[in-house]
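Letter by letter, the chains look like this.
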Amino acid sequence: MRLSRNRNWGHPELVDYVQDLSRAAAAQPGWNGLYVGDMSQPRGGPMLTGHRSHQIGLDVDVWMLPARNLTLSAADRENISSISTRRASGAYVNSNWTRQHHEIIKAAASDKRTARIFVFPGAKVQMCKDEKGDRAWLRKVRPWWGHHYHFHVRLSCPPGTRGCVNQDLPPAGDGCADAQQWVNNILNPPPPDPNAPRPKPRRELRVADLPQQCAGVLASQ
Amino acid sequence: MRGCAGLAIALCAGAATADPALHHVRSVTVQSELPDFGGLSAVETTDGTSFVVLSDRGQAYDLTFDRGWNAISIAPRPHPAPDRDSEGLAYAGADLFYSYEGPAELRDASGTLLPGDPAFDGWSINSGFEALAAGPDGTLYAVPERSGAKAHPFPVFRYRNGTWDIARTFPRTGAFLPVGADFGPDGRLYVLERAFSALGFRSRIRRMAPDGDAAVETLLTTRLGLHDNLEGITVWTSHGGQVCITMVSDNNFLSVQRTEIVEYSLSAPLAAGRACD
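Residues numbered from 1 in each chain as written. Chains lettered and ligands numbered in written order. Predicted model: local features only at pLDDT ≥ 70, side-chain atom pairs only at ≥ 80, totals over all residues.

## Observations regarding the overall build of chain A
Thought 1: Within chain A, the secondary structure is distributed over 6 helices and 6 strands.
Thought 2: Of the regular secondary structure in chain A, the N- to C-terminal order runs α-β-α-β-β-α-β-α-β-β-α-α.
Thought 3: On C-alpha atoms alone, chain A measures out to a radius of gyration of 18 Å, which is about the 17 Å that the 2.2 N^0.38 rule sets for 221 residues.
Thought 4: Reported as C-alpha extents along the three principal axes, the dimensions of chain A are approximately 55 × 50 × 35 Å. (Helix = DSSP H or I, 4+ residues; strand = E, 2+ residues; numbered from the N terminus. Rg over C-alpha atoms; globule rule 2.2 N^0.38 Å.)

## Topic: the overall build of chain B
Thought 1: Helix and strand content of chain B: 1 helix and 19 strands.
Thought 2: Whereas a compact globule of 277 residues would reach a radius of gyration of roughly 19 Å, chain B reaches 18 Å, a difference of no more than 12%.
Thought 3: Across its three principal directions, the C-alpha atoms of chain B cover 60 × 45 × 40 Å.
Thought 4: Relative to its full complement of 277 residues, chain B shows a buried share of 39%. (Buried ≥ 20, exposed ≤ 12 C-beta atoms within 10 Å, placed from the backbone.)

## Description of unusual backbone geometry
Thought 1: A cis amide bond links B:Gly102 to the next residue, B:Pro103, at an omega of -5°.
Thought 2: Here B:Pro103 shows up in the loop between β7 (95-100) and β8 (105-108).
Thought 3: Positive phi outside glycine occurs at A:Arg43, with the angle close to 65°.
Thought 4: Among the structural elements, A:Arg43 can be located in the loop between α1 (12-26) and β1 (59-63).
Thought 5: A positive phi angle, close to 50°, is found at A:Ala88, a residue other than glycine.
Thought 6: On the basis of neighbour count, A:Ala88 is assigned to the partly exposed category, with 13 C-beta atoms found within 10 Å.

## Points about the sheet that holds strand β10 (residues 140-144) of chain B
Residue and element names in this part refer to chain B.
Thought 1: If you trace the 4 strands from one edge of the open sheet to the other, you get β9-β10-β11-β12, paired in antiparallel fashion. Looking at strand neighbours, the two that pair on one side only are β9 (129-134) and β12 (163-170), the edges of this open sheet. Here the strands of the sheet are splayed against their neighbours by 25° on average, with no regard to which way each runs.
Thought 2: Bridge analysis of β9 against β10 gives 5 bridges, and the strand direction is antiparallel. The residue of β10 that forms the bridge with Ala133 is Tyr141. (Pairing = 2+ DSSP bridges. Axes fitted to C-alpha atoms, helices over the stretch in contact; angles between N-to-C directions.)

## Topic: the environment of B:Val43
All names here are of chain B.
Thought 1: Tracing the backbone shows Val43 in strand β2 (residues 40-45).
Thought 2: In this structure, the C-alpha to C-alpha distance between Val43 and Glu101, residues 58 residues apart in sequence, is 16 Å.
Thought 3: Contacts of Val43, omitting those with residues within four sequence positions, involve Phe51, Val53, Leu89, Gly232, Ile233, Thr234, Thr246 and Val248. (Contact = placed C-beta atoms within 7 Å.)

## Things to note about helix α5 (residues 176-187) of chain A
All names here are of chain A.
Thought 1: Over its 12 residues, α5 runs 17 Å from end to end, which matches the ideal 16 Å to within 8%, given 1.5 Å per residue.
Thought 2: Of the positions making up α5, those classed as buried are Ala179, Trp182 and Val183. Buried residues of α5, viewed axially, fall in a sector of 100°; they line one side. Along α5, the residues that are exposed and aim more than 90 degrees away from the buried face are Ala177, Gln181 and Asn185.
Thought 3: On its buried face, α5 sits against α4 (121-130) and β5 (141-143). (Expected span 1.5 Å × (residues − 1). Arc of directions from axis to C-beta.)

## Comments concerning the sheet that holds strand β13 (residues 177-183) of chain B
Residue and element names in this part refer to chain B.
Thought 1: Strand order in the open sheet formed by 4 strands is β13-β14-β15-β16, with antiparallel pairing between adjacent strands. Each of the sheet's edge strands pairs with one partner strand only, and the pair in question is β13 and β16 (217-221). For this sheet the average axis-to-axis angle between neighbouring strands, irrespective of direction, equals 25°.
Thought 2: Sheet topology places strand β15 (residues 200-208) next to β16; 4 bridges connect them, and they run antiparallel. Bridge pairing in β16 links Ile205 to Leu220.

## A word on the interface of chain B and chain A
Reports often express the size of an interface as the amount of accessible area lost when the parts come together.
Thought 1: Each side of the interface is counted separately: chain B has 12 residues, and chain A has 19 residues.
Thought 2: Taken together, the residues that form the side of chain B that touches chain A break down as 4 nonpolar, 4 polar and 4 charged. (Nonpolar A, V, L, I, M, F, W, Y, C, P; charged D, E, K, R; others polar.)

## Focus: the confidence of the model for chain B
Residues and elements named next belong to chain B.
Thought 1: Residue-level pLDDT values for chain B average 88, and 90% of them are 70 or greater.
Thought 2: Low confidence marks residues 1-19, where pLDDT is under 50. Its contacts with residues over four positions away, or in another chain, come to 5 contacts.
Thought 3: As scored by the predictor, the complex reaches a pTM of 0.85 and an ipTM of 0.79. (pLDDT = per-residue confidence, 0-100.)

## A closer look at the nonpolar core
Thought 1: By size, the foremost hydrophobic cluster in this structure holds 60 residues, and its most contacted members are B:Val53, B:Leu132 and B:Ala181.
Thought 2: Looking at this core, the element that brings in the most residues is β9(B), giving 5 residues.
Thought 3: What B:Leu132 contacts, discounting residues up to four positions off in sequence, is B:Gly88, B:Leu89, B:Ala90, B:Phe97, B:Ser99, B:Leu140, B:Ala142 and B:Ala181.
Thought 4: With 38 residues, the next largest nonpolar core counts A:Leu21, A:Val141, A:Phe151 and A:Leu155 among its residues. (Core = buried A, V, L, I, M, F, W, Y, C linked by C-beta atoms within 7 Å.)

## Observations regarding the pairing of strand β6 (residues 86-92) of chain B
Residue and element names in this part refer to chain B.
Thought 1: With 5 of its 7 residues buried, β6 lies for the most part within the structure.
Thought 2: Pairing geometry for β6 and β7, over 6 bridges, is antiparallel. Its bridge partner being in β7, Leu89 is matched across the sheet by Tyr98.
Thought 3: Between β6 and β7, which pair antiparallel and follow one another directly, the connecting turn spans 2 residues, one of which, Gly93, has a positive phi of 65°.

## What about the environment of B:Ala175?
Thought 1: Here B:Ala175 lies in the loop between β12 and β13.
Thought 2: Along the primary structure B:Ala175 and B:Tyr190 are separated by 15 residues, whereas in three dimensions their C-alpha atoms are 18 Å apart.

## Describing the packing of α1(A) against helix α3 (residues 99-110) of chain A
Residues and elements named next belong to chain A.
Thought 1: The contact between α1 and α3 brings their axes to 10 Å, and the two run at 150°. When the axis of α1 is compared with that of α3, the two are roughly antiparallel. The handedness of the crossing between α1 and α3 is right-handed. Two secondary-structure elements touch here, α1 through Leu21, Ala24 and Ala25 and α3 through Ile104, Ala107 and Ala108.
Thought 2: Class assignment of the residues belonging to the contact of α1 with α3 gives a composition of 6 nonpolar, no polar and no charged. (Parallel < 35°, antiparallel > 145°, perpendicular 65-115°, else oblique. Left-handed = near helix turned anticlockwise from the far one by under 90°.)

Take a look at the structure:
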């Protein structure tokens, strides 16, 4: 989707992963595949708008809109809207949320290549309630702001990639109590911490701030 | 003209000299969980992502627009006169100013009334300042919805140094009446006009120097029913350097209408169709 953004590039492992996940999604009733949002720019790197991650070809945004029509034109893919699956500021799922979303996120998280999945807290809590089988995959599903028109998958460093450093693993356990706490804080916000440091405004990135490999990319033609 | 590098010279020259035309970029219907949301009458942005919108029932909202999935989130924000029909909004630097109908008046963000002018006395109740814009130096420009008679041009009222004068007029043509205005990065005033009929709405955008009597350019005239009832306009520059126009519609809280965000770009889309993103 949104081909004009030129963010449909990824590590070969990510492309394989997206294709595998899309086949799993196509096995769900009402889904014929996935609508895939941003991955990375060609050769990665920071973007002027939108993301702080998605820089190394190992992140993908997957739309919550069920992919029924797989023959959308480029113009369609520029203009079509995804759907929100949340209500009450993300404390709960809304009527757009289905068991198919649960199964697709479960398939995404159960894949060994996946490091983390980000989705709004109400969705994680709903999946915690609905999952009656193996719960190990829930550990990788992390509540985060936004992420109700899409979920975000981050892969682990593929074997043999020099310079790629994995994040720490998510805390042990299914993380369901944490997600419930996040929901409780949406519904009954705690008073602001008077001692919290003021967020520092971010200055614009410069090439010198980036890993040295980036200067090589810029210098190449 | 880096964008021309890969194009045929004739195409490129044509793009540079042709009449200005607006390119439709996207129309998105806005839905909200907030019970009072609707009736949008004005919009302002500085970055094209975060917007302030007003309703004609005296509500104000922060609206963010993520064009990746056409996701729109809306949160109420304080309004300096929550019981009034607010119709215009303008950023003068970082300071917001609000215009109202019935009676016609302007307020700053703290709710303080700006001085009026005897010229505004005696206007009909539905004839306040529909359109408000701030020039690069903070001078405010306000346009009433009525000109008094079909043959009368519209006055552009200017507020600076504590007093009002008329900076210019522009002709009233057809059934169009001004409903919104903003300054572009070119220092010109962009005026959104609306024509109403029983069958629906038409919109027009005209552009002009904010003072003097230079000619008025028509940038856009829409056919009946193409968009909802567009009432607010904001002009901004994208990261890619395109001049973009975002408009919002007043659904009049009617089920047959919709709250719509409509965007046009003043320059042709970039490679691969990218525009105002």
